[in-house]
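# Observations on chain architecture
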Amino acid sequence: MMAHIERVLLVDDDASVREALGQTLELADLVPTLAGSYIEAKDHISREFPGVVVSDIRMPGKDGFALLDFAQKVDPELPVILLTGEGDVPMAVRGISSGAFDFLEKPCAPKDLIAVVEKALKTRALVLENRRLKRQVEQGDAAARLLRGTSEMSVKMRDAARTVARSASDVLVTGEPGVGTAKMAEVVHLLSAGSMAPFLKFSASAMTPDTLVQAFAQAEGGSVFLDEIVQLTSPAQFALLELLETHDRPRLIAGTYADLSAEAGAGRFSPDLFYRLEAAVIRIPPLRERREDIPVLFRHYVNIACEQSDLPVPEITPDVISRLMAQDWPGNARSLMNAAMRFAMGLTEGEAQEELGLAEQLAQVERSLLIASLQRHKGNATEAAKGLKLPRKTFYDKLTRHGVRAEEYRA
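Rules used throughout
Residues numbered from 1 in each chain as written. Predicted model: local features only at pLDDT ≥ 70, side-chain atom pairs only at ≥ 80, totals over all residues. Heavy atoms only, no water. Buried < 20%, exposed > 50% of the residue type's maximum accessible area, 1.4 Å probe, protein only. Helix = DSSP H or I, 4+ residues; strand = E, 2+ residues; numbered from the N terminus. Arc of directions from axis to C-beta. Pairing = 2+ DSSP bridges. Axes fitted to C-alpha atoms, helices over the stretch in contact; angles between N-to-C directions. Contact = heavy atoms within 4.5 Å. Lys, Arg positive; Asp, Glu negative; His and termini not counted. Salt bridge = Lys/Arg side-chain N within 4 Å of Asp/Glu carboxyl O. Core = buried A, V, L, I, M, F, W, Y, C linked by side-chain atoms within 4.5 Å. Phe/Tyr/Trp six-rings, centres within 6.5 Å; stacked < 30°, edge-to-face > 60°. Parallel < 35°, antiparallel > 145°, perpendicular 65-115°, else oblique. Left-handed = near helix turned anticlockwise from the far one by under 90°.

Within the span of helix 18 (residues 392-402), buried status applies to Phe395, Lys398, Leu399 and His402. Projected onto a plane normal to the axis of helix 18, the buried residues spread over an arc of 105 degrees and lie on a single side. Exposed residues lying more than 90 degrees from the buried face of helix 18 are Lys393, Thr400 and Arg401.

This is the structure in structure tokens:
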């Protein structure tokens, strides 16, 4: 669905004319940004600007033609409407050949101004929509790319992300620890009309009223993700509510593992903030509720781990899959990812493990490096030792210590 574009950058050095035209635009439910000069106006112009430009031709310093030229360089498809004084019509007509969308004579009737601006806004909306669709084709559907799984729950989860992203609403992403609320937030952002604008992630516990204001300013046109929003302090919750009342702001995506309804009922979380967020909720189901997704996710994580570590992809046997699906995975995707990394390095057969100490982790890394070197050199211990820049005896000592047999890796 094409976004409704309503922003108008209005540029005129005459304050009374500027204010009058601004009121005309506001009465037509448009959103004017007023500027009195080229210098003041140019900082508002970008390739992503969701609106059009209306500029007087004659201004002190750089004039409307200079602004038109600047806008053309930034985005040739950004409509610029020129305002002409008496005797400037021939000049404005020449402006059309330079890329101006249209021109209007001052003083212009409100209905004429609105008619031309509305036409330009529809053109701009179509341009931005075509760009969005092109990006979607080039990037692939972010929901399909980043939210893997074949279960019915996964299909519904991807559909929910797409539906929410098409709206302008703020979003609450819920689920157990490890399900990936931040990844879901990124998917919603990538599927949104503002996908090319910033996507900023913050820990809610670290946010103050001032840092919230800064975050919303930095993410103009994009999305702000607040992880574990239940940990916002009361002053920060109040400040966030005020920010959400403004219209020209980024989308808020909040993540939480807590029951916000219960937290609000117990007085630990703002009921007003909860009611705003519950309008669009995406729940990420835990792995135990969608076990058929476990093999798909595990293979994906193993492939990533092997690619990052330059390791050959090991065979994932039916026995390994059976063991994976028999587990509840209380740590969800995060635990499954860790298990996949260990499996890729030849350290386990796909079981979830408790967190290891530093010495144990270092030993596992050393063992995986020994195996990887043997695999690269097809079981030739001498060459494998050289590859790791180790004396041959030291290399054999380490093989013995880690229970690795070189002959098992010979081609």
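Spatially, the five strands line up as an open sheet ordered 7-8-9-6-10, and their pairing is parallel. The strands lining the two open edges of the sheet, one partner per strand, are strand 7 (199-203) and strand 10 (281-283). This sheet shows a mean twist of 20 degrees between the axes of neighbouring strands, independent of strand direction. As judged from the four bridges shared by strand 6 (residues 171-174) and strand 9 (residues 251-256), these two strands associate in the parallel manner. Its bridge partner being in strand 9, Leu172 is matched across the sheet by Ala254. Where helix 9 (residues 209-218) meets the sheet, its contacts fall on strand 7, strand 8 (223-227) and strand 9, and the angle it forms with strand 7 comes to roughly 165 degrees.

Another point: the side chain of Arg251. With respect to the secondary-structure elements, Arg251 resides in strand 9. No salt bridge forms around the buried Arg251; measuring N to O, its nearest opposite-charge neighbour Asp170 is 6.5 Å away.

This brings us to unusual backbone geometry. Note the cis peptide between Lys106 and Pro107, where omega equals -5 degrees. Structurally, the position occupied by Pro107 is in the loop between strand 5 (102-105) and helix 5 (110-139). In this structure, Lys378 takes a positive phi of about 50 degrees despite not being glycine. With respect to the helices, strands and loops of the structure, Lys378 is situated in the loop between helix 16 (358-376) and helix 17 (381-387). With a phi angle near 55 degrees, Lys389 is a residue other than glycine that sits in the positive phi range. Position of Lys389 among the secondary structure elements: in the loop between helix 17 and helix 18.

A word on the nonpolar core. One finds Leu212, Leu226, Ile229, Leu232, Leu240, Leu260 and Leu277 to be the most contacted residues of the largest nonpolar core, which totals 26 residues. Of all the elements in the fold, those that place two or more residues in this core are helix 9, strand 8, helix 10 (234-245), strand 9, helix 11 (260-265) and helix 12 (271-277). Residue contributions to this core peak at six residues, all from helix 10.

In any sheet, the strands associate via hydrogen bonds between backbone groups, in a parallel or an antiparallel arrangement. On the basis of which strands lie adjacent, the open sheet formed by five strands has the order 2-1-3-4-5 and parallel pairing. Lying at the two open borders of the sheet, with one neighbouring strand each, are strand 2 (31-35) and strand 5. Across the sheet, the mean angle from the axis of one strand to that of its neighbour is 20 degrees, orientation sign disregarded. As defined by bridge partners, strand 4 (residues 80-84) adjoins strand 5 across four bridges and the pair is classed as parallel.

Scanning the entire structure with this criterion turns up four aromatic pairs. Centroid distance Tyr38 to Phe70: 6.1 Å. Interplanar angle 75 degrees. Geometry classified as edge-to-face. Of the two residues, Tyr38 sits in helix 2 (residues 38-42) while Phe70 sits in helix 3 (residues 64-74), which places them 32 residues apart along the sequence. Residues Phe274 and Tyr275 carry aromatic rings whose centres are separated by 5.6 Å and whose planes lie at 50 degrees to one another, so their mutual orientation is tilted. For Phe274, a relative accessible area of 10% gives the class buried.

Their axes nearest at 8 Å, the elements helix 9 and helix 10 cross at an angle of 30 degrees. By the criterion of interaxial angle, the relationship of helix 9 to helix 10 is roughly parallel. Like other packed secondary-structure pairs, helix 9 and helix 10 cross with a definite hand, here right-handed. Together, Pro209, Leu212, Val213 and Phe216 of helix 9 and Pro235, Ala236, Ala239, Leu240, Leu243 and Leu244 of helix 10 make up the contact between the two elements.

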